[in-house]
Amino acid sequence: MPRPRPPFPAVKGLWEKPTIINNVETLACIPFILREGAEEFAKVGTENSKGTKVFALGGKVNNVGLVEVPMGTTLRELIYDIGGGIPGGKKFKAIQTGGPSGGCLTEEFLDEPIDFDNLVAKGSMMGSGGAIVMDEDNCMVDVAKFYMEFICDESCGKCSPCRIGTKRMLEILTRITEGKGTMKDLEQLEELAKTVKTNSLCALGQTAANPVTSTLKHFRDEYIAHIRDKKCPSHVCKNLMEYVIDKDKCVGCGLCSRGCPVGAIHKTDYTPEGHKLPSYTIDTSKCIKCGACISTCRMRAISKQ
């Protein structure tokens, strides 16, 4: 005899079995709610986001680690009161919330309360609870490229908008960081971002473009500098920078030359006033931009430009 059908729609999940997946953080809230009651739990947080949230606070911040804060805590409190501010007195540039596919929020959002709805409204998300702080030394084009590399690796490949679209976006970002980008690339990035977000099947693809769209919105001038000026304002993108020795600061000690792994540093015919030894210069055609010379120079005569 045929098997009778259940009186309700069959639930199909992993391996055709009824499946429910909850974040561990969600499960951790259940004992408190059962023990103390929902009203007690709801006393903490905002109107639409109750309870607390655990963030993995990292990046350019003094106190890194896992921190639990009430919903509604501001980004400023998270970064400066809990995180202890930016190391070395550097200037805050952005914070990315929500993990690799979260958006980057700038200084204007520091006093915004953290909750699910507000972060999405500002172009980011709560996501996995990541909170990566960036300072003035971060290149935001390079940041977008870094996260797009991760997203490309994580894409399951089932839907073409995510599988193909993210790879095309990564190719464009790579060209820009190598000094080969054009202004048309910015238009294509924005068009691809909309396509991937609208047509991807799962949340990974639907949020994949957030790092790109948020950095394009808030740091478009950095993209333009990479394209038009062939310069990385933060001196991060190797193809767009060079190491230079200030001949007047150089005392001719030769430590940089001896430490250079490719022999790109040589003596010059110029001897700075007040010094006995000639200064050194860097052959940019040989330099691999490893930074060994900067770390060995005691006179701080070498800089990135």
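Small disclaimer: the values here were computed from a predicted structure and weren't measured.

Asker: Please clarify how the overall build of the protein should be interpreted in this entry.
Answerer: Helices and strands together make up the secondary structure of the protein, namely twelve helices and nine strands. For a compact globule of 305 residues, the expected C-alpha radius of gyration is about 19 Å, and the protein comes in at 25 Å, more than 25% above that figure. Looking at the protein as a whole, 40% of its 305 residues are labelled buried. Intrachain contacts of the protein at a sequence separation of at least 6 include 61% that bridge at least 24 residues. In the form shown here, the protein has an accessible surface area of approximately 17,600 Å², with 54% of it arising from carbon and sulfur atoms. Computing the positive centroid from 40 side-chain charges and the negative centroid from 37, the protein places the two 7 Å apart.

Asker: When you look at the packing of helix α7 (residues 183-199) against helix α10 (residues 220-229) in this model, what are you seeing that I'm missing?
Answerer: Working note: a packed helix pair is described by the angle between its axes plus the distance between those axes. Following both chains from N to C, one finds α7 and α10 inclined at 140°, their axes separated by 9 Å at the closest point. Here α7 lies oblique to α10, going by the angle between them. Residues M183, L186, L189 and E190 of α7 form the contact with α10, whose own contacting residues are R220, Y223, I224, I227 and R228. Looking at the contact of α7 with α10 residue by residue, the class counts come to six nonpolar, no polar and three charged.

Asker: Sorry, what's going on with the pattern of salt bridges here?
Answerer: Any two side chains of opposite charge can pair if their charged atoms end up close together. Enumeration over the complete set of coordinates arrives at 13 salt bridges. A salt bridge links D111 to R76; the nearest nitrogen and oxygen atoms lie 2.7 Å apart. On the criterion of sequence distance, the pair formed by D111 in the loop between β4 (104-105) and α4 (116-121) and R76 in helix α3 (residues 75-82) is long-range, its members being 35 residues apart. Between K90 and D137 there is a salt bridge, with the nearest N and O atoms lying 3.1 Å from each other. Pair noted here: K90 is in the loop between α3 and β3 (92-97) and D137 is in the loop between β5 (130-135) and α5 (140-154), with a separation of 47 residues, a long-range link.

Asker: What's the story with the sheet that holds strand β2 (residues 65-70) in this structure? I'm lost.
Answerer: Pairing is mixed in the open sheet, where five strands are placed in the order β2-β1-β5-β3-β4. Unpaired on one side and paired on the other, β2 and β4 mark the two borders of the sheet. Here α3 sits on the sheet and contacts β1 (52-59), β2, β3, β4 and β5; the angle it forms with β3, its principal contact strand, is near 115°.

Asker: Teacher, can you tell me more about helix α9 (residues 210-218) here?
Answerer: Residues lying three or four places apart along an α-helix face the same way, a consequence of the helix completing one turn every 3.6 residues. Extensive coverage of α9 is indicated by the burial of seven of its nine residues. Among all positions in α9, only N210, P211, V212, S214, T215, L216 and H218 are buried.

Asker: Explanation requested: the side chain of N210 in the structure shown.
Answerer: Within the fold, N210 resides in helix α9. Look at N210 and you get buried, because its relative accessible area is 13%. At 3.0 Å, the side chain of N210 forms a polar contact with the backbone oxygen of S101. Residues within four places of N210 in sequence aside, it is in contact with S101, G102, G103, G123 and M125.

Thresholds, definitions, all that
Residues numbered from 1 in each chain as written. Predicted model: local features only at pLDDT ≥ 70, side-chain atom pairs only at ≥ 80, totals over all residues. Heavy atoms only, no water. Helix = DSSP H or I, 4+ residues; strand = E, 2+ residues; numbered from the N terminus. Rg over C-alpha atoms; globule rule 2.2 N^0.38 Å. Buried < 20%, exposed > 50% of the residue type's maximum accessible area, 1.4 Å probe, protein only. Contact = heavy atoms within 4.5 Å. Areas by Shrake-Rupley, 256 points an atom, 1.4 Å probe, with all protein chains shown as cover. Lys, Arg positive; Asp, Glu negative; His and termini not counted. Charge placed at Lys NZ, Arg CZ, Asp CG, Glu CD. Axes fitted to C-alpha atoms, helices over the stretch in contact; angles between N-to-C directions. Parallel < 35°, antiparallel > 145°, perpendicular 65-115°, else oblique. Nonpolar A, V, L, I, M, F, W, Y, C, P; charged D, E, K, R; others polar. Salt bridge = Lys/Arg side-chain N within 4 Å of Asp/Glu carboxyl O. Pairing = 2+ DSSP bridges. Polar contact = N/O pair within 3.5 Å; in protein donor to acceptor, adjacent residues only side chain to side chain.

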